Amino acid sequence: QVQVVESGGGWVQAGGSLRLSCAASGRRFTMAWFRQAPGKEREFVAAITRNGDRTYSTDSVKGRFTISRDNAKNTVYLQMNSLKPEDTAVYLCAANKPSGTYYEAYKYTYWGQGTQVTVSS
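Note that the structure is a prediction, hence the values are computed from the model and not measured. (Residues numbered from 1 in each chain as written. Predicted model: local features only at pLDDT ≥ 70, side-chain atom pairs only at ≥ 80, totals over all residues. Heavy atoms only, no water.)

Caption draft 1: Quick look at the pattern of salt bridges. Across all of its chains, the model carries four salt bridges by this definition. A salt bridge links Glu43 to Arg35, with the shortest nitrogen-to-oxygen separation between them at 2.9 Å. Lys62 is the partner of Asp59 in a salt bridge, and the nearest nitrogen-oxygen pair spans 3.2 Å. What emerges from the salt-bridge pattern is a single network uniting Arg35, Glu43, Arg64 and Asp87. (Salt bridge = Lys/Arg side-chain N within 4 Å of Asp/Glu carboxyl O.)

What follows is the structure in structure tokens.
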């Protein structure tokens, strides 16, 4: 069975950095990061293909966040720099997208438990 585990969340001042990690058991999957703040819908952040040759991200994080993967470890990372208070949310790792666009949350089969990121002003 597939297990998805995130780590690396925490509290930082605005302008600081965090690196999130997501390890997925089993075979290599398409993987993505989503985030959800209280009272808001789940929002796409970034995604990466199975072999790491293509990445995608939402406009609000381009130039600040970078998604990457280590295929040997089957682990995906989200490097978050220049963090802003509006980045505060629970960040969720998703794995396996059989079809559809990368930003559609319902296409992903497996999800981690989420890790809290809090950015103070």
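Caption draft 2: Main features of the environment of Arg28. Note on placement: Arg28 falls in the loop between β3 (18-24) and β4 (31-36). Arg28 sits 84 residues away from Gly112 along the chain, and the two C-alpha atoms are 16 Å apart. When residues no more than four places from it in sequence are discounted, the contact partners of Arg28 are Arg50, Asn51, Arg69, Asn71 and Asn74. (Helix = DSSP H or I, 4+ residues; strand = E, 2+ residues; numbered from the N terminus. Contact = heavy atoms within 4.5 Å.)

Caption draft 3: Structural detail: the state of the cysteines. Following the criterion strictly, the structure yields one disulfide and no others. Across a sulfur-sulfur distance of 2.0 Å, Cys22 and Cys93 are joined as a disulfide pair. Between Cys22 and Cys93 the disulfide shows an S-S torsion of about -85°. By sign, it is left-handed. Placement of Cys22 in strand β3 and of Cys93 in strand β9 (residues 89-95) is noted, with a sequence separation of 71 residues between them. (Disulfide = S-S within 2.5 Å.)

Caption draft 4: Layout of the sheet that holds strand β8 (residues 75-80). As summarised here, the arrangement of the four strands in space is β1-β3-β8-β7, forming an open sheet in which the pairing is antiparallel. The open sheet has two edge strands with one neighbour each: β1 (4-7) and β7 (65-70). Neighbour-to-neighbour, the strand axes of the sheet open up by a mean angle of 15°, direction not taken into account. (Pairing = 2+ DSSP bridges. Axes fitted to C-alpha atoms, helices over the stretch in contact; angles between N-to-C directions.)

Function-wise, these values are silent; they only describe arrangement.
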